[in-house]
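# Tertiary structure, described
In case you want the letters, here they are:
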Amino acid sequence: MAALVHSSRATAACSRCHLVLRLRAGARGLSSDVAARYEPQRLHPRLFEPSEVVSSWLAPAALALLQDVEIADLTDTDPSSVALRSVATEAREIYSFPLLSPQACRMLVEEVEHFQLSGLPARRPNSMNNYGLILNEIGLRASLSRLQAAIAPLARAVFPAEGRSLDDHHSFVVSYKPTEDRGLDMHTDDSDVTLNVCLGSDSFEASGLTFCGDMGSADHRLRSYKYAHRLGRAVMHLGRRRHGADDITKGHRLNLIMWNYNKEFRASPEFRARSFAREGSPPDAECISYTHDRDYEAVSGVQRPAPHLASSAWCPPPPAEYDGFVGLEGRWAGHPRRRPAP
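Residues numbered from 1 in each chain as written. Predicted model: local features only at pLDDT ≥ 70, side-chain atom pairs only at ≥ 80, totals over all residues. Heavy atoms only, no water.

## So, the packing of aromatic side chains
For any pair of aromatic rings, geometry is given as the distance between the ring centres together with the angle between the planes. Scanning the model with the defined rule gives eight aromatic pairs in all. On the numbers, 5.0 Å between centres and 80° between planes, the contact of Tyr 38 with Phe 115 is edge-to-face. Highlighted residues: Tyr 38 in helix H2 (residues 13-38) and Phe 115 in helix H6 (residues 102-116), separated in sequence by 77 residues. Note on Tyr 38: relative accessible area 0%, which makes it buried. (Phe/Tyr/Trp six-rings, centres within 6.5 Å; stacked < 30°, edge-to-face > 60°. Helix = DSSP H or I, 4+ residues; strand = E, 2+ residues; numbered from the N terminus. Buried < 20%, exposed > 50% of the residue type's maximum accessible area, 1.4 Å probe, protein only.)

## A word on the environment of Arg 164
Locating Arg 164 in the fold gives a position in the loop between helix H7 (141-158) and strand E5 (168-176). The spacing of Arg 164 and Asn 262 is 98 residues in sequence and 7.4 Å in space, taken between C-alpha atoms. The contacts of Arg 164, once residues within four sequence positions are left out, are Arg 156, Phe 159, Asn 262 and Glu 264. (Contact = heavy atoms within 4.5 Å.)

## Observations regarding the environment of Arg 156
Within the secondary structure, Arg 156 is located in helix H7. Judged by relative accessible area, which is 26%, Arg 156 ranks as partly exposed. Leaving out residues up to four positions away in the same chain, Arg 156 has contacts with Asp 73, Gly 163 and Arg 164. Only 3.2 Å separates the side chain of Arg 156 from the backbone oxygen of Arg 164, close enough to count as a polar contact. (Polar contact = N/O pair within 3.5 Å; in protein donor to acceptor, adjacent residues only side chain to side chain.)

## A look at the pairing of strand E2 (residues 88-91)
Of the pairings in the sheet, the one linking E2 to strand E3 (residues 94-98) comprises three bridges and is antiparallel in character. Across the sheet, residue Thr 89 finds its bridge partner in E3, namely Tyr 95. Hairpin connection from E2 to E3: two residues lie between these consecutive antiparallel strands, with Glu 93 at a positive phi of about 60°. (Pairing = 2+ DSSP bridges.)

## Examining the state of the cysteines
Note on terminology: a disulfide is the covalent bond linking the sulfur atoms of two cysteines. With the rule as written, the count across this model stands at one disulfide. With no disulfide of its own, Cys 105 has Cys 198 as its nearest cysteine by sulfur position, at a separation of 7.2 Å. Classification of Cys 105 by relative accessible area gives buried; the value is 1%. (Disulfide = S-S within 2.5 Å.)

## A short note on unusual backbone geometry
In this model, Cys 315 is joined to Pro 316 through a cis peptide bond whose omega is -5°. Looking at where Pro 316 falls in the secondary structure, it is placed in the segment after helix H10 (296-300).

## What about the confidence of the model for the protein?
For the protein, mean pLDDT is 89; residues scoring 70 or higher make up 89% of the total. Under a pLDDT of 50 for its full length, residues 1-23 has, in the predicted model, 32 contacts with residues more than four places off or in other chains. Across residues 338-342, where pLDDT falls below 50, the model places 14 contacts with residues more than four positions away in sequence or in other chains. (pLDDT = per-residue confidence, 0-100.)

Written out as structure tokens, the structure is:
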């Protein structure tokens, strides 16, 4: 059995969460001003009405699915069995289902494009996306909170620990074009449960979503599934699942991403005591990250496209290295290199 190695990253998780909360509080002050300035310019005012979400956003198949799961949740019927009969299990703990109607997708895309022409300031969703937009900050937080409430019983059914109580979210769109952000490096999300919905835009080619393993598991960097996006369809997975957006080759794709948070789970010993299993083999080339992985060059056979990231690369932690590991010291330079007993 693989030995488990406690990571210093887990110890820092609480401090990082507090920093994120402070930054988020400051950002909300800025977003309130932007949202207020944008209100008279809104293209589709109905999108900003939470009461319209269930009736106007959800596809009929989604409405039926979510109602069945909610009824099971309220009547003590096993909601997980109802959910698993109703969603597509793409791979272990990766689920897809119809969610948004074509009209809702179109309106959201048009609203995003309209905002970007407004000249108002816009923060990008995270450090890895250069062309996305934080929807919470343009006045859509309340509507997206209603969407979160609609999918919460399903999240609780398929992820009983992480999805038990969703009480906050970071919601944004990502944009991919051959001439802009083409794809997204392998990563995990700063979320407990992630919801990813394809909004479409111009017809696109390639630009799938490749999944690997859960962060800290022995198969963390082994390929598990390649998901193909479809208009209005959602894919739901744990935030700690490693994944990356394949490079788009044609067209334009926008996706709605909702990082769902469960404060109770984040305060639990299970979350705080995260550990890393020793990897049993080298990673699959599809699962390697030029941002995070110390063995990127050895596995890929090429130099990482952003050489300055080499000094901050951390994965895997030294005690979790597989036999024959060849890689940089990265963030671990100067740290004791202890390995677990086999």
